[in-house]
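Read off the chains here:
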Amino acid sequence: MTTARDIMTGGVECVGVRDTLVQAAQRMRDLGVGALPICGEDGRLKGMLTDRDIVVQCVADGIDPSTKTAGDLAHGKPVTIGADDSIEDTLHTMREHAIRRLPVIDGQELVGIVSQADVARNLPEDRVGELVEAISGAPSNDG
């Protein structure tokens, strides 16, 4: 059985809840990514932050991104998948919540992220197409 751990990208870096959005944007730039997990001082996942979140929930409202923190944008309980959960569960969760990046948890520890690109590299084309169509056709889940 293929699991989330089998297809995830490991070695994921977090942005801290107290890091400013400027610091988060700089880290995204330096890593060449469009999203980062938000982790608390306890190292536990608090949410996900995307470059779009920074633009829509801060810059577009005229808020200074050097004064707003990543933690300010961490709302609710983040959607995750267990490292040993099946790829079917992973795809179902991504479709159900219309998310392109799914944090992978082993116990309480963030161990990776499954992205659409990870799915595309590891599954047959028809399965990838189903996922992309489901996520792209879903209403926006942005705050």
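Preceding this paragraph is the structure being described.
So, here's what we can say about the structure. (Residues numbered from 1 in each chain as written. Predicted model: local features only at pLDDT ≥ 70, side-chain atom pairs only at ≥ 80, totals over all residues. Heavy atoms only, no water.)

Moving on: the overall build of the chain. Looking only at helices and strands, the chain features 6 helices and 7 strands. The secondary structure elements of the chain, listed N-terminal to C-terminal, are α-β-β-α-β-β-α-β-α-β-β-α-α. At 15 Å, the chain has a C-alpha radius of gyration in line with the 15 Å of a compact globule built from 143 residues. Judged by the C-alpha coordinates and their principal axes, the chain covers about 45 × 35 × 25 Å. Of all 143 residues assigned to the chain, the portion counted as buried reaches 38%. Within the chain, residue pairs in contact and separated by at least 24 positions form 55% of the contacts whose partners lie at least 6 positions apart. (Helix = DSSP H or I, 4+ residues; strand = E, 2+ residues; numbered from the N terminus. Rg over C-alpha atoms; globule rule 2.2 N^0.38 Å. Buried < 20%, exposed > 50% of the residue type's maximum accessible area, 1.4 Å probe, protein only. Contact = heavy atoms within 4.5 Å.)

In a soluble, globular protein the nonpolar side chains are often hidden away together inside. Core analysis: the largest hydrophobic core is formed by 15 residues, its most contacted members being Val104, Val114 and Val119. A per-element tally of this core places helix α4 (residues 87-97) first, with 3 residues. Not counting the four nearest positions on each side in its chain, Val104 is found in contact with Ala4, Met8, Ile81, Gly82, Ala83, Glu109, Leu110, Val111, Gly112, Ile113 and Val114. The next biggest cluster of nonpolar side chains, apart from the first, holds 11 residues, and it includes Leu36, Leu49, Ile54 and Leu73. (Core = buried A, V, L, I, M, F, W, Y, C linked by side-chain atoms within 4.5 Å.)

All right, on to the environment of Asp118 then. Within the element layout of this structure, Asp118 appears in helix α5 (residues 116-122). Note: C-alpha distance between Asp118 and Gly34 (84 residues apart in sequence) is 15 Å. Those residues in contact with Asp118, other than ones at most four positions away along the chain, are Ile7, Met8, Thr9 and Ile113. Side chain to side chain, Asp118 and Thr9 meet in a polar contact 2.8 Å long. (Polar contact = N/O pair within 3.5 Å; in protein donor to acceptor, adjacent residues only side chain to side chain.)

What follows concerns the environment of Asp84. Within the secondary structure layout, Asp84 lies in the loop between β5 (81-82) and α4. Residues within four places of Asp84 in sequence aside, it is in contact with Met1, Thr3 and Arg5. Within the local environment of Asp84, its side chain forms a polar contact with the side chain of Arg5, the two groups lying 3.3 Å apart.

Here we take up a nonpolar patch on the surface. A contiguous nonpolar patch, built from Val55, Val56 and Val59 and spanning about 220 Å² of accessible area, is present on the exposed surface. The topology assignment puts Val59 in the loop between α3 (51-57) and β5. (Patch = residues over 30% accessible without salt bridge, like charges linked within 9 Å, V, L, I, M, F, W, Y side chains within 5 Å. Areas by Shrake-Rupley, 256 points an atom, 1.4 Å probe, with all protein chains shown as cover. Salt bridge = Lys/Arg side-chain N within 4 Å of Asp/Glu carboxyl O.)

A few words now on the environment of Met94. Summarising the element assignment, Met94 is placed in helix α4. You can call Met94 buried: its relative accessible area is 0%. In sequence terms Met94 and Gln116 are 22 residues apart; their C-alpha atoms lie 9.0 Å from each other.

To continue, consider α4. Within the span of α4, buried status applies to Ile87, Thr90, Leu91, Thr93 and Met94. Taken down its axis, α4 places every buried residue within 160 degrees of arc, on the same side. Ala98, located one to two residues past α4, shows a positive phi value of around 50 degrees. (Arc of directions from axis to C-beta.)

Okay, the pairing of strand β3 (residues 35-39) next. In terms of burial, β3 is a largely internal element, 5 of the 5 residues being buried. Pairing analysis gives 2 bridges linking strand β2 (residues 15-16) to β3, with the strands arranged parallel. Within β3, the position partnered with Gly16 by the bridge is Cys39. Pairing analysis gives 5 bridges linking β3 to strand β4 (residues 45-50), with the strands arranged antiparallel. Directly across from Ala35, in β4, lies its bridge partner Thr50. With antiparallel pairing between neighbouring strands as the criterion, β3 and β4 make up a hairpin whose turn holds 5 residues, including Gly43 at a positive phi of roughly 80 degrees. (Pairing = 2+ DSSP bridges.)

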